[in-house]
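# Coordinate inspection notes
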Amino acid sequence: MTDTANPTGKCGTNAGYEAHRHAGTPTCGPCRAAHSAYTTAWRLRPEVGAHDHRRQKARRRALARLGREYPQRFSELLADELRGASE
Ligand SMILES: [Zn+2]
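Described in the following lines is the structure provided in the data block. (Residues numbered from 1 in each chain as written. Predicted model: local features only at pLDDT ≥ 70, side-chain atom pairs only at ≥ 80, totals over all residues. Heavy atoms only, no water.)

Let's shift gears to the coordination of the zinc ion. Protein-derived coordination of the zinc ion comes from Cys11 (SG), His20 (NE2), Cys28 (SG) and Cys31 (SG), at a distance range of 2.1 to 2.3 Å. Each of the 4 donor atoms bound to the zinc ion contributes to angles spanning 104 to 117°, and the resulting shape is tetrahedral. Under the relative-accessibility criterion, cysteine 11 is labelled partly exposed at 39%. (Donors = N, O, S within 2.8 Å, 3.2 Å for Na, K, Ca; no water. Tetrahedral: all angles 85-135°; square planar, octahedral: opposite > 155°, others 65-115°. Buried < 20%, exposed > 50% of the residue type's maximum accessible area, 1.4 Å probe, protein only.)

Have a look at this one:
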């Protein structure tokens, strides 16, 4: 144990970071790094993008451009989707 004692003994994980916080012990480097990676992954999780209005507008514009650049293929895909085909 170090002077940044973690009651879970799981330093280097987000759970370890939370345990430091709960116990009131100073966070150690590995726990801070794990917490940073965890929060970054949380912020970039895919379902957030799905609700991001700016991203959705950009996606629609990109699809419109794709349709203009590849009209034949776009028509085929659209027809497939209208028929309910998935593959
Ligand atoms: Zn730690």
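Past the structure itself, the notes keep going.
The next subject is the side chain of histidine 20. Of note, histidine 20 is situated in helix 1 (residues 14–23). Of the polar contacts made by the side chain of histidine 20, one reaches the backbone oxygen of proline 26; its length is 3.1 Å. (Helix = DSSP H or I, 4+ residues; strand = E, 2+ residues; numbered from the N terminus. Polar contact = N/O pair within 3.5 Å; in protein donor to acceptor, adjacent residues only side chain to side chain.)

Take the pattern of salt bridges next. For the structure on display, the rule yields 2 salt bridges. Measuring nitrogen to oxygen at the nearest pair gives 3.1 Å for the salt bridge that ties arginine 73 to glutamate 76. With a gap of 3 residues between them, arginine 73 and glutamate 76 both fall in helix 5 (residues 71–83), about one helical turn apart. Given the relative accessible area of 45%, arginine 73 is considered partly exposed. The closest approach of N and O atoms between arginine 83 and aspartate 80, which form a salt bridge, is 2.5 Å. Of this pair, arginine 83 and aspartate 80 are both found in helix 5, 3 residues apart, which corresponds to roughly one turn of the helix. Looking at arginine 83, the relative accessible area reads 62%, which means it is exposed. (Salt bridge = Lys/Arg side-chain N within 4 Å of Asp/Glu carboxyl O.)

Our focus in this paragraph is a nonpolar patch on the surface. There is a patch of nonpolar side chains on the surface, built from Leu63, Leu66, Tyr70, Phe74, Leu78 and Leu82 and spanning about 600 Å² of accessible area. With 3 residues, the top contributor of residues to the nonpolar patch is helix 5. Counting through the fold element by element, leucine 63 comes out in helix 4 (residues 53–69). Here leucine 63 falls in the partly exposed class, since its relative accessible area comes to 35%. (Patch = residues over 30% accessible without salt bridge, like charges linked within 9 Å, V, L, I, M, F, W, Y side chains within 5 Å. Areas by Shrake-Rupley, 256 points an atom, 1.4 Å probe, with all protein chains shown as cover.)

As a packed pair, helix 1 and helix 2 (residues 29–43) sit with axes 7 Å apart at the nearest point and diverge in direction by 115°. Read as a crossing pair, helix 1 and helix 2 show a hand that is left-handed. Residue-level inspection shows Asn14, Gly16, Tyr17, Glu18 and His20 of helix 1 in contact with helix 2, the latter providing Cys31, Arg32, Ala34, His35 and Tyr38. (Axes fitted to C-alpha atoms, helices over the stretch in contact; angles between N-to-C directions. Left-handed = near helix turned anticlockwise from the far one by under 90°. Contact = heavy atoms within 4.5 Å.)

Any link to function would need more than the numbers given here.
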